[in-house]
Amino acid sequence: MSNKNFSARSISTDCVNARLVRNAEYSRTGLPLFKCSSSIPTELISFKNAAQSKDAHEWVHFYEKDDRLELIWESPELWVKRLKRFKGIISPDLSIYRDDPPYVQGWNTYRNRVLAHYFSEQGYEVIPNIRFGAEKSYRFCFDGVEPNKPVCVSTLGILSEYEDRKFFQDGFAEMMRQLSPSTVIVYGQMPGMIFGEYQAMGIPFIHFDTDAQKARKRGES
C-alpha cells in the first residue's frame, strides 16, 4: 500500500481541512500557529448578521451555536471571500464543554487554530478567541497563541450558575498567567468578582454587549 501524504489527497476528500495548514508551523502540542493581531476592535458584529452589514470598520465574531459555525469549517474558502470587507475577525468559538471527552475539546481547539491560521494567511487581522474547559484543558487550550497580545473571551451563557462561574474564573486566571495579554476583549457581562482584580492592576479591558444585551437596551423583547 502506498504512503498517503497531502499531495495524494484530493480536495474533495479533505474532510479535516489539511489544505488550510500546508504552510503552518506548529506549537508544542501540535496546534497551527498564526499571527495574532495587535489591533483593537471598535465595533463587533456577529457572524449571523454580517451579511446585512455594510460597515467595514466592524470585526466579525463567532459567538454562535456550533451548527452555524460548521458552515465555516465546511467551506472556509467561501467565507474568507465573503467576510473580506470587514476589519478583522475574532477566531471562531467552537465549543469546549468540560464534560466532553478530552479528544473532542482538543479537536475544537485545533479547529479554532486552523481557521485562525487560514484567515491570517489570507490577510485578515485575527484576534484569538480563548475558550477553556476544566483544568485538564489548560494543557492545550492556551497553546498556539502569542503571549502579550490582545485576546477575546465571552461570558455568554456561563454566569448564571455558580459552578459555571467558578470554572470560568479559574480558567480566566490561568489564561492571564500563561498569556499575559496586552488587552482583554470581553463579549458579554463583566462582573467585578471575575474581572475586578485585573482591572485594578491596570490591564486594559474592552467590553462589548451581546446582541441580546443591545436589544434589551433598545427596549426590544
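Before reading on, note that the structure itself is shown above.
Here is what the cut-offs are and how they apply
- Residues numbered from 1 in each chain as written.
- Predicted model: local features only at pLDDT ≥ 70, side-chain atom pairs only at ≥ 80, totals over all residues.
- Heavy atoms only, no water.
- 1 Å grid on protein atoms, 1.4 Å probe; cavity = no way out; pocket = protein on both sides within 12 Å on 5 of 7 lines; lining within 4 Å.
- Points joined across faces, edges and corners; volume = space filled by probe spheres on them.
- Helix = DSSP H or I, 4+ residues; strand = E, 2+ residues; numbered from the N terminus.
- Nonpolar A, V, L, I, M, F, W, Y, C, P; charged D, E, K, R; others polar.
- Salt bridge = Lys/Arg side-chain N within 4 Å of Asp/Glu carboxyl O.
- Buried < 20%, exposed > 50% of the residue type's maximum accessible area, 1.4 Å probe, protein only.
- Contact = heavy atoms within 4.5 Å.
- Pairing = 2+ DSSP bridges.
- Axes fitted to C-alpha atoms, helices over the stretch in contact; angles between N-to-C directions.
- Right-handed = clockwise from strand over helix to strand, strands pointing away.

A. Summary view of the layout of surface pockets. What the largest pocket holds in volume is close to 710 Å³. As for the largest pocket, its lining consists of 28 residues, and the residues nearest its centre are Asp93, Ser95, Arg131, Leu156 and Ile158. Among the secondary structure elements, those contributing two or more residues to the lining of the largest pocket are helix H1 (66–74), helix H4 (162–179) and helix H6 (211–217). It is H4 that contributes the most residues to the lining of the largest pocket, three residues altogether. Across the lining of the largest pocket, the residue classes break down as 11 nonpolar, six polar and 11 charged.

B. Geometry of the pattern of salt bridges. Inspection of every chain in the model, using the stated rule, returns 12 salt bridges. Between Arg111 and Glu70 there is a salt bridge, and its shortest N-O distance comes to 3.0 Å. Residue Arg111 is located in helix H3 (residues 102–121), and its partner Glu70 is located in helix H1; the two are separated by 41 residues in the primary sequence. Take Arg111: its relative accessible area is 6%, and that puts it in the buried class.

C. The arrangement of the environment of Met176 in detail. Its location among the elements puts Met176 in helix H4. Residue Met176 is classed as buried on the basis of its relative accessible area, which comes to 9%. Remark: the alpha-carbon pair of Met176 and Asn148, spanning 28 residues in sequence, is separated by 9.8 Å. When near neighbours in sequence (up to four residues on either side) are disregarded, Met176 contacts Pro181, Val184, Tyr198 and Ile203.

D. Structural context of unusual backbone geometry. Unlike most non-glycine residues, Asn148 shows phi in positive territory, near 60°. Turning to its location among the elements, Asn148 is positioned in the loop between strand S4 (126–127) and strand S5 (151–154). Not every positive phi belongs to a glycine, and Ser180 is a case in point at roughly 40°. Tracing the backbone shows Ser180 in the loop between H4 and strand S6 (184–187).

E. Fine view of the sheet that holds S6. Taking strand neighbours across the sheet as the criterion, the three strands line up as S5-S6-S7 in an open arrangement whose pairing is parallel. Single-partner strands in this sheet number two, and they are S5 and strand S7 (205–208). With strand direction ignored, the average angle separating the axes of adjacent strands in the sheet is 20°. The sheet contacts of H4 involve S5, S6 and S7, and relative to S5 the element is tilted by about 175°.

F. Structural detail: the pairing of S6. Of the two faces of S6, both are covered, the one formed by Val184 and Val186 as well as the one formed by Ile185 and Tyr187. For S5 and S6, the ladder comprises four bridges, and the chain directions are parallel. Bridge pairing links Ser154 to Tyr187 in S6. Once the chain exits S5 it traverses H4 before rejoining the sheet at S6, and the crossover so formed is right-handed. With four bridges joining them, S6 and S7 adopt parallel strand pairing. Across the sheet, the residue bridging to Val184 is Phe205, located in S7. Running through helix H5 (residues 192–200), the crossover from S6 to the neighbouring parallel element S7 is right-handed.

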